[in-house]
Amino acid sequence: MKIKRCPLTFHNVISATSTCKPSEWHHSAQDLRNAIIRNELYGTGPTIYQVSTNLGSQESAEYTFHVPVNEPVKIDLNETYRFTKELTFEDGLVIRHADLDEDMEESYQILRLCAEEYGLELEEPFYNIYLDVYGGGIIDIYAPIVKEG
Amino acid sequence: MINPNDSIRYTNVISRKYEFQYQELENVFNDFVQEVIHLGATIKGPLFYSVNNVPMDEVLLSEFFIPIHEDDLVVPEDMRFHSYFSVENMISIYVHNHFETKTEVAYRLLLDYISDNELEQVTPIFHVISGDHSMQYAMIKIGVQKVLNMEPASNI
């Protein structure tokens, strides 16, 4: 399993956070995509999502979605969407999770073990970068490094 | 003829916006590529660019893109480094030879396809320059979306 160490940069990122059941998260992703199209923008990068599960509930989790778009947008005081001109991490570990039938947690664990081995501290929740491939998908999991040694 | 299910997907893409006379296209290409090489990048290709306006007075507003091998590069302020760059849901068509006339025909075919299929254009027109010494060709791609009777927009 190949682990790379590199920075990560996206521009003009719109983000939305919602709490929902694992079976419903794709609705939130769709809402975000539709809102982008309705506002006459278009995506210029993959959908990136983070999952926080430690809400004390087995039933639902907090999902945050990020989509890079073609130009900067002004967002009025708005609870649903946030805008980031540049979403960038100077340093991080990335692993490709190629089989979506396998548990993501196993890949997360590999990143954590690797970080431990090299004395790195990672920031969670990790960023899952969803890449379409032949109608299916693979996920590049990016773990920002916050501290070394 | 028309591929109804296309996209643009590359990692490690450098981009920069330009405004220039259409006839200068090739020079602007070369400048862009030279500048990227000068930054220490190795080109992976292909070069692609967007046409962001209906060219008035032959002045083109455009953004140029080139994928490189490096996953890290410091770029000047007027350039951007994208770890991943993609545009989904595109229709596309190939052109080769006689680019200038063929491009006009290709535009017309794509735009007709859009109206015949109840689609709407949601991105600028992208030109992806491909080929090798045996043949030069380009793919012209437009991002589209089914026209839907959507509920009132939730504004971003």
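Structure: see above.
Only a predicted model underlies this, so the values are computations on that prediction, with no experimental measurement involved. (Residues numbered from 1 in each chain as written. Chains lettered and ligands numbered in written order. Predicted model: local features only at pLDDT ≥ 70, side-chain atom pairs only at ≥ 80, totals over all residues. Heavy atoms only, no water.)

Draft legend 1. Broad picture of a negative patch on the surface. Residues and elements named next belong to chain A. Where like charges cluster on the molecular surface, the negative patch consists of Asp-99, Asp-101, Glu-102, Asp-103 and Glu-106. Structurally, the position occupied by Asp-103 is in the loop between strand S6 (92-97) and helix H2 (104-117). The exposure class assigned to Asp-103 is partly exposed, which follows from its relative accessible area of 45%. (Patch = residues over 30% accessible without salt bridge, like charges linked within 9 Å, V, L, I, M, F, W, Y side chains within 5 Å. Areas by Shrake-Rupley, 256 points an atom, 1.4 Å probe, with all protein chains shown as cover. Salt bridge = Lys/Arg side-chain N within 4 Å of Asp/Glu carboxyl O. Lys, Arg positive; Asp, Glu negative; His and termini not counted. Charge placed at Lys NZ, Arg CZ, Asp CG, Glu CD. Helix = DSSP H or I, 4+ residues; strand = E, 2+ residues; numbered from the N terminus. Buried < 20%, exposed > 50% of the residue type's maximum accessible area, 1.4 Å probe, protein only.)

Draft legend 2. Highlighting the side chain of Ser28(A). Relative to the assigned elements, Ser28(A) resides in helix H1 (residues 25-38). Residue contacts for Ser28(A): discarding those within four places in its chain leaves Ser18(A), Cys20(A) and Phe65(A). (Contact = heavy atoms within 4.5 Å.)

Draft legend 3. Representation of the packing of aromatic side chains. Residues and elements named next belong to chain A. As enumerated under the stated definition, the model contains 22 aromatic pairs over all chains in all. Between the aromatic rings of Trp-25 and Tyr-63, the centroid separation amounts to 6.4 Å while the plane-to-plane angle is 20°, which identifies the pairing as stacked. With Trp-25 in helix H1 and Tyr-63 in strand S4 (residues 61-68), the pair connects residues that are 38 residues apart, well separated along the chain. Given a relative accessible area of 6%, Tyr-63 falls into the buried group. (Phe/Tyr/Trp six-rings, centres within 6.5 Å; stacked < 30°, edge-to-face > 60°.)

Draft legend 4. Focus on helix H2 (residues 99-116) of chain B. All names here are of chain B. Spanning 18 residues, H2 covers 25 Å between terminal C-alpha atoms, matching the ideal 26 Å at 1.5 Å per step. Residues Thr-103, Ala-106, Leu-110 and Ile-114 constitute the buried set of H2. Each buried residue of H2 lies within a common arc of 70° when the element is viewed along its axis, so the set occupies one face. The exposed set on the far side of H2, more than 90 degrees from its buried face, consists of Thr-101, Glu-104, Arg-108, Ser-115 and Asp-116. (Expected span 1.5 Å × (residues − 1). Arc of directions from axis to C-beta.)

Draft legend 5. Main features of the pattern of salt bridges. Throughout the structure, instances matching the rule amount to eleven salt bridges over all chains. Among the salt bridges present, the one from Glu121(A) reaches Lys147(A), with a minimum N-O distance of 3.7 Å. Of the two residues, Glu121(A) is situated in strand S7 (residues 120-122) and Lys147(A) in strand S9 (residues 136-148); the sequence distance between them amounts to 26 residues. Residue Asp6(B) pairs with Lys141(B) through a salt bridge whose shortest N-O separation is 3.2 Å. Here the residue Asp6(B) occupies a position in strand S1 (residues 3-21), and Lys141(B) occupies one in strand S6 (residues 135-146), the gap between them amounting to 135 residues. Each member of the pair, Asp6(B) together with Lys141(B), is buried. Linked by salt bridges that have partners in common, Arg5(A), Asp91(A) and Glu148(A) make up one network.

Draft legend 6. Region of interest: the nonpolar core. Residue and element names in this part refer to chain A. Core analysis: the largest hydrophobic core is formed by 29 residues, its most contacted members being Ile-14, Leu-32, Leu-93, Leu-111, Leu-122 and Ile-141. Among the secondary structure elements, those contributing two or more residues to this core are strand S2 (8-20), H1, S4, S6, H2, S7 and S9. Apart from residues no more than four positions distant in its own chain, Leu-93 is found in contact with Ile-3, Lys-4, Arg-5, Leu-111, Cys-114, Ala-115, Leu-120, Leu-122, Ile-141, Tyr-142, Ala-143 and Ile-145. (Core = buried A, V, L, I, M, F, W, Y, C linked by side-chain atoms within 4.5 Å.)

Draft legend 7. Up close: the interface of chain B and chain A. The partner chain A presents 29 residues to the 24 residues of chain B that form the contact. Approximately 2,300 Å² of surface area, both sides summed, lies buried where chain B meets chain A, with 53% of it carried by carbon and sulfur atoms. Our enumeration of links across chain B and chain A arrives at one salt bridge. Here Lys4(A) ties to Asp71(B) by a salt bridge, and the two come within 3.4 Å at their closest N and O atoms. At the surface where chain B touches chain A, the tally comes to seven residue pairs in polar contact (both at pLDDT 80 or more). Elements with a contribution of two residues or more to the side of chain B that touches chain A: strand S4 (79-96) and strand S5 (119-132) of chain B. Considering every element that reaches the side of chain B that touches chain A, the biggest residue donor is S4(B), with nine residues. Of the residues that constitute the side of chain B that touches chain A, the class distribution is eleven nonpolar, seven polar and six charged. (Buried area = accessible area lost by both parts, 1.4 Å probe. Polar contact = N/O pair within 3.5 Å; in protein donor to acceptor, adjacent residues only side chain to side chain. Nonpolar A, V, L, I, M, F, W, Y, C, P; charged D, E, K, R; others polar.)

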